[in-house]
Amino acid sequence: MPYNDPAPDDPTILLGVTLPAGEEAVREMAYVFAEEFARMGFDEKQLLRLFKNPFYAGAHQAYRALGADAIRTIIGECVNAWGRSTVKVQDVQAVQNVQDDLSGLSL
Amino acid sequence: MANVHNWQLGREMTYPYKAAYPERQFAFVFNINRCIACQSCTMACKSTWTFSKGQEHMWWANVETKPYGGYPMFWDMKILDLLDRANLEGKGWTGATSSDPKTPYGKFDGRTIFEAERMLTPDSARVLGYLPADEEWNSPNIYEDNPVGQRGAPGEFHKTGEQLPEHKTWFFYLARICNHCSYPACLAACPRKAIYKRPEDGIVLIDQKECRGYRKCVEACPYKKSMYRGNTRVSEKCVACYPRVEGKDPESKGQPLETRCMAACIGQIRLQGLVKMNRDGTWTPDRYNPIYYMVHVAKVALPLYPQFGTEPNGYYIPPRWVPRPYLRQMFGPGVDQAIERYENPDRELLAVLQLFRKSNRIIYRYEVKEGPKVYEGTLRGKRVTLYNDTVIAYGREGQEIFRTNVEEPLHVRPAKHANSI
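Residues numbered from 1 in each chain as written. Chains lettered and ligands numbered in written order. Predicted model: local features only at pLDDT ≥ 70, side-chain atom pairs only at ≥ 80, totals over all residues. Heavy atoms only, no water.

1. A look at the overall build of chain B
Logical step 1: When helices and strands are counted, chain B shows 11 helices and 20 strands.
Logical step 2: The C-alpha radius of gyration computed for chain B amounts to 22 Å, which stays within 12% of the reference 22 Å derived for 421 residues, consistent with globular compactness.
Logical step 3: Expressed as lengths along the three principal axes of its C-alpha atoms, the size of chain B is roughly 65 × 60 × 50 Å.
Logical step 4: Looking at chain B alone, contacts between residues at least 24 apart form 66% of all its contacts between residues at least 6 apart.
Logical step 5: Summing over all exposed atoms, chain B offers an accessible surface of approximately 18000 Å²; the carbon and sulfur share of this is 51%.
Logical step 6: Here chain B contributes 59 positively and 47 negatively charged side chains, and the mean placements of these two sets differ by 3 Å. (Helix = DSSP H or I, 4+ residues; strand = E, 2+ residues; numbered from the N terminus. Rg over C-alpha atoms; globule rule 2.2 N^0.38 Å. Contact = heavy atoms within 4.5 Å. Areas by Shrake-Rupley, 256 points an atom, 1.4 Å probe, with all protein chains shown as cover. Lys, Arg positive; Asp, Glu negative; His and termini not counted. Charge placed at Lys NZ, Arg CZ, Asp CG, Glu CD.)

2. Focus: the packing of helix H2 (residues 44-52) of chain A against helix H4 (residues 68-82) of chain A
The relative placement of two packed helices comes down to the angle between their axes together with the axis-to-axis distance.
All names here are of chain A.
Logical step 1: In the contact formed by H2 and H4, the axes pass within 10 Å of each other and the chain directions differ by 140 degrees. Between H2 and H4, the angle falls in the class oblique. Crossing angle aside, the handedness with which H2 passes H4 is right-handed. On H4, the residues that touch Glu44, Leu47, Leu48, Phe51 and Lys52 of H2 are Ile71, Arg72, Ile75, Gly76 and Val79.
Logical step 2: Grouping the amino acids of the contact of H2 with H4 by side-chain chemistry returns six nonpolar, one polar and three charged. (Axes fitted to C-alpha atoms, helices over the stretch in contact; angles between N-to-C directions. Parallel < 35°, antiparallel > 145°, perpendicular 65-115°, else oblique. Left-handed = near helix turned anticlockwise from the far one by under 90°. Nonpolar A, V, L, I, M, F, W, Y, C, P; charged D, E, K, R; others polar.)

3. A word on empty space enclosed by the protein
All names here are of chain B.
Logical step 1: Counted under the stated rule, the structure contains four cavities of 30 Å³ or more.
Logical step 2: Approximately 100 Å³ is the volume found for the largest cavity.
Logical step 3: In terms of lining, the largest cavity is formed by 14 residues, of which the most central are Cys178, Asn179, Cys181, Cys186 and Cys221.
Logical step 4: By residue class, the composition of the lining of the largest cavity is nine nonpolar, three polar and two charged. (1 Å grid on protein atoms, 1.4 Å probe; cavity = no way out; pocket = protein on both sides within 12 Å on 5 of 7 lines; lining within 4 Å. Points joined across faces, edges and corners; volume = space filled by probe spheres on them.)

4. A short note on the environment of Thr97 of chain B
Residue and element names in this part refer to chain B.
Logical step 1: The residue Thr97 is located in the loop between strand S5 (93-94) and strand S6 (107-108) in this model.
Logical step 2: Thr97 gets classed as partly exposed once you look at its relative accessible area, which sits at 31%.
Logical step 3: C-alpha of Thr97 to C-alpha of Phe172: the two residues are 75 residues apart in sequence and 25 Å apart in space.
Logical step 4: Leave out the neighbours within four places in its chain, and Thr97 touches Pro104, Tyr105, Gly106, Pro333, Gly334 and Gln337. (Buried < 20%, exposed > 50% of the residue type's maximum accessible area, 1.4 Å probe, protein only.)

5. Re the pattern of salt bridges
Logical step 1: Considering all chains together, one arrives at 37 salt bridges over all chains under this definition.
Logical step 2: Between Asp76 of chain B and Lys66 of chain B there is a salt bridge; the shortest N-O distance is 3.0 Å. You can see Asp76 of chain B sitting in helix H2 (residues 75-86) and its partner Lys66 of chain B sitting in strand S4 (residues 62-66), a full 10 residues away along the chain.
Logical step 3: Across the pair Glu397 of chain B and Arg396 of chain B runs a salt bridge, and its minimum N-O distance is 3.1 Å.
Logical step 4: For Glu397 of chain B, a relative accessible area of 53% corresponds to the exposed category.
Logical step 5: Salt bridges sharing partners connect three or more residues here, namely Glu28 and Glu35 of chain A together with Arg320, Glu343 and Arg380 of chain B. (Salt bridge = Lys/Arg side-chain N within 4 Å of Asp/Glu carboxyl O.)

6. Some details on H4 of chain A
Along an α-helix, a turn takes 3.6 residues, which lines up residues three or four apart on a common side.
Logical step 1: Here H4 of chain A spans 21 Å end to end across 15 residues, near enough to the 21 Å set by a 1.5 Å rise per residue.
Logical step 2: If you check which residues of H4 of chain A are buried, you get Ala70, Ile71, Ile74, Ile75, Gly76, Glu77, Cys78, Val79, Ala81 and Trp82 of chain A. (Expected span 1.5 Å × (residues − 1).)

7. Details of unusual backbone geometry
Residues and elements named next belong to chain B.
Logical step 1: Omega for the bond connecting Lys66 with Pro67 falls within 30 degrees of zero, at 10 degrees, which places this linkage in the cis form.
Logical step 2: Cis geometry is found at the peptide bond from Tyr71 to Pro72, where omega equals -5 degrees.
Logical step 3: As for its position among the elements, Pro72 is in the loop between S4 and H2.
Logical step 4: Unlike most non-glycine residues, Ala37 shows phi in positive territory, near 55 degrees.
Logical step 5: Its place among the elements puts Ala37 in the loop between strand S3 (24-31) and helix H1 (40-49).
Logical step 6: Look at Ala37 and you get buried, because its relative accessible area is 18%.
Logical step 7: Positioned with a positive phi, Gln268 is a non-glycine residue whose angle comes to about 55 degrees.

Right under this line is the structure:
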């Protein structure tokens with residue numbers, strides 16, 4: 001963080017950049033949130049909870065700007081398209097093999 | 001001054017040396033849409049190359065938060081301002097994006113940092129640039145998205161932060177290393193000819209025996225990726241982990257490895273390769289090299305600030321939520337097409353995006369094997385069909401490195417090792 005507040009007349013300091021586009025930019029962000037979290041395994045309920053949580057400021061801003069119905073539609077689309085994630089338990093054996101491979105080297 | 005063709009600008013430009021191109025070129029694609037600024041790349045580089053006394057301020061790999069952050073502070077704003085002053089009659093792009101590999105983004109009509117004679121001081125200078133002050137190197141994360149409490153109450157956060165005034169801001173994380181440019185500004189500016197570009201892989205290095213620490217390279221590099229070391233009095237820069245790229249890391253058993261910053265990327269935003277070069281400086285068509293595919297076929301990856309004129313070999317998939325004028329300034333006129341393609345990927349692009357970070361071996365070729373249809377419906381208001389294709393990556397000798405699916409599983413630790421870190 002900066003040690004002091006920037007001088008207000010310093011031309012190289014950006015003091016806040018507003019979104020030049022309105023609803024469309026917010027909708028774009030909402031899709032990004034929904035798609036990325038859906039691909040990580042979030043279901044519709046978990047995604048909606050994320051959008052409703054005011055501490056997830058970006059997602060919540062989209063929730064308030066677009067409304068609950070629009071967010072539900074976005075979530076539904078993204079979960080339908082990307083929400084088929086499966087979980088695979090990763091055994092540690094593969095890592096052990098690499099270590100065995102390196103054991104003969106003078107590192 | 002010689003005339004060279006800069007395909008990213010779609011025109012000839014002047015450069016202090018005659019054109020000479022490597023057999024292959026070190027190049028990489030960063031997908032900014034996925035970067036979470038965890039700084040794993042930054043620390044992988046730091047712990048490998050710049051952990052010694054005198055290198056404290058050096059971050060050959062860094063991730064900065066745009067539009068506020070920058071390392072060194074305001075590097076891009078300052079060089080863009082210099083370029084603006086060198087182009088008082090205006091600068092811009094004409095023509096349209098095209099399939100011609102010599103003019104893929106149209107033509108840049110302004111002056112580059114090599115063509116700004118009237119701005120150069122002293123007259124003997126070859127490149128437009130500036131030398132950052134010491135304090136500009138000191139805070140690589142300044143103005144980033146750190147949480148901040150009330151002034152005078154260190155370590156305490158607002159208890160009702162969600163009720164504070166809300167600013168409609170946007171930001172994204174820009175991961176950067178040396179771009180190992182085709183027309184390096186550092187090389188052009190060095191009065192000792194201590195900087196060279198390797199003919200086998202295009203990696204740009206500073207000969208530590210020849211360097212006398214004049215810092216002309218630090219001044220000239222528009223990306224500020226050449227850095228001065230006070231205790232040895234010479235300059236240093238990213239070496240592209242060349243022993244790994246050469247296949248000399250014992251782990252690889254002779255196969256070329258990607259750099260440390262690439263291999264450490266947990267966000268899976270990075271893919272690095274070696275692209276074949278033509279004698280005229282364009283890339284040799286190599287349809288199934290993933291870097292070639294993303295830059296010249298799918299056109300989803302774009303150079304960083306191409307208007308500088310150095311023909312950087314780092315390419316970025318632009319962040320799709322950021323205002324377009326800002327992105328066009330940063331990545332040139334191909335932005336709209338790149339984002340359109342990334343938002344609506346075809347079957348092949350979806351598969352190629354799965355190649356990111358499945359292995360630390362350099363991928364020379366990929367192959368897509370068609371899989372079953374898994375979804376047909378709407379996404380973002382458009383009809384889409386998704387397939388669970390398999391993508392296979394091949395190494396230098398044509399051997400298979402790995403194969404993965406479009407719908408890859410989430411890998412988790414077994415329950416007994418859940419807290420083993």
